[in-house]
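# Geometric and topological summary
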Amino acid sequence: MSSEMKRSRKKKKKWPKVAGLIFLLLIIAGCAYGFSVYHSLTRAVETMHRPIDRETGKRTKELTLSQDEPFSVLILGVDEREGDRGRSDTMIVLAVNPETESVRMLSIPRDTRTEIVGHGTTDKINHAYAFGGIEMSMDTVEHFLDIPVDYYMQINMEGFKDIVDAVGGITVNNDLDFTYEGVHFNKGNITLDGEKALKYSRMRYEDPRGDYGRQLRQRQIIQEVINEGASVSTLANYGDIFSALGKNVKTNLAFNEMIEIQQNYRAAAKKVDQLTIEEKGTKINGVYYGIVSDEEKLKIQNEMKVQLGIK
């Protein structure tokens, strides 16, 4: 056998070893990246986690996510101010049903007049947060909708722009041409960074639909942030995303509950139905309120009960 043939055979034997080594390095690198993501996620969740001492009176037995039971989340968009608890300018209830693989997203107008549970008054529903924080907000919404409110997610709206920037911005379909705080928003598909998204969500008085239009824009932004955050392209920004979430979001969802939701309820996020509450604006003692008729309230309550599997 010639020396050239021997060298060729040695090269052939060496290539599988090199390929195996490269494959091993890729696995190690992937594991290291996965560990880094996991470590950043757990650290962010620990920062976000704010348990509360509260039990819902609307459930006959404890909710079990591991058994794929429907659940609800109250999202509170709060404008926090120095030396003040702030106001919950955004109130959205998510009702998640894994059996029907759907989510119902209900916006509650902040001026809705209702009983503030635990305060002994009838007032605007968003005042519940100012009077008694998260717990009073959950109790009041639970009473208003006559459904269990299982979890909460409080978002600092001023810092929400950091979350939008962390996912690389969002694109929304704007149905109203308007200018707000020096920024012009064209009709049609527009791309927003965090600062513009915050202004887009806050405009109210130039919209002929009033608070309904503002609620629509808020739901658009939340949905697009979720979509962007779940996309593969944002994985490179996971550090910024988790950091922004940790700074600006508080929730009573624990890490293991988030994992169960991700594993067992993921398909439900593909179908999101948006609900609104029709109300009539009026002034009582010079204060503006949104009045919800008994028929409208019953209709919304029944829709949310069906979604949560409540008879």
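I will try to describe carefully the structure that is included in this document. (Residues numbered from 1 in each chain as written. Predicted model: local features only at pLDDT ≥ 70, side-chain atom pairs only at ≥ 80, totals over all residues. Heavy atoms only, no water.)

## Concerning the packing of aromatic side chains
Under the criterion given, the structure shown has 5 aromatic pairs. Each ring, one from Phe71 and one from Tyr151, has its centre 5.9 Å from the other, and the planes form 80°; the classification is edge-to-face. Within this pair, whereas Phe71 is found in strand β1 (residues 71-81), its partner Tyr151 is found in strand β6 (residues 151-156), the two being separated by 80 residues in sequence. With 6.1 Å between their ring centres and 25° between their planes, Phe178 and Tyr200 make a pair best called stacked. Taken together, the residues Phe178 in strand β8 (residues 178-180) and Tyr200 in helix α4 (residues 194-202) connect sequence positions 22 residues apart. For the pair formed by Phe178 and Tyr200, the shared burial category is buried. Joined through ring pairs, the aromatic side chains of Phe71, Tyr151 and Tyr265 make up one cluster. Here Arg113 stacks its cationic end above the ring of Tyr289, 5.1 Å away from the centre of that ring. Lying over the aromatic face of Tyr200, Arg217 brings its terminal NZ or CZ to 5.9 Å of the ring centre. (Phe/Tyr/Trp six-rings, centres within 6.5 Å; stacked < 30°, edge-to-face > 60°. Helix = DSSP H or I, 4+ residues; strand = E, 2+ residues; numbered from the N terminus. Buried < 20%, exposed > 50% of the residue type's maximum accessible area, 1.4 Å probe, protein only. Lys NZ or Arg CZ within 6 Å of the ring centre and 35° of its normal.)

## Side note on the nonpolar core
Counting residues in each nonpolar core, the largest one holds 44 residues, and the members touching the most others are Phe71, Ile170, Phe185, Leu192 and Tyr200. With 4 residues, helix α3 (residues 160-166) is the largest single contributor of residues to this core. Counting 24 residues, the second largest nonpolar core, distinct from the first, contains Met138, Tyr152, Met304 and Leu308. (Core = buried A, V, L, I, M, F, W, Y, C linked by side-chain atoms within 4.5 Å.)

By themselves these figures say nothing about function.
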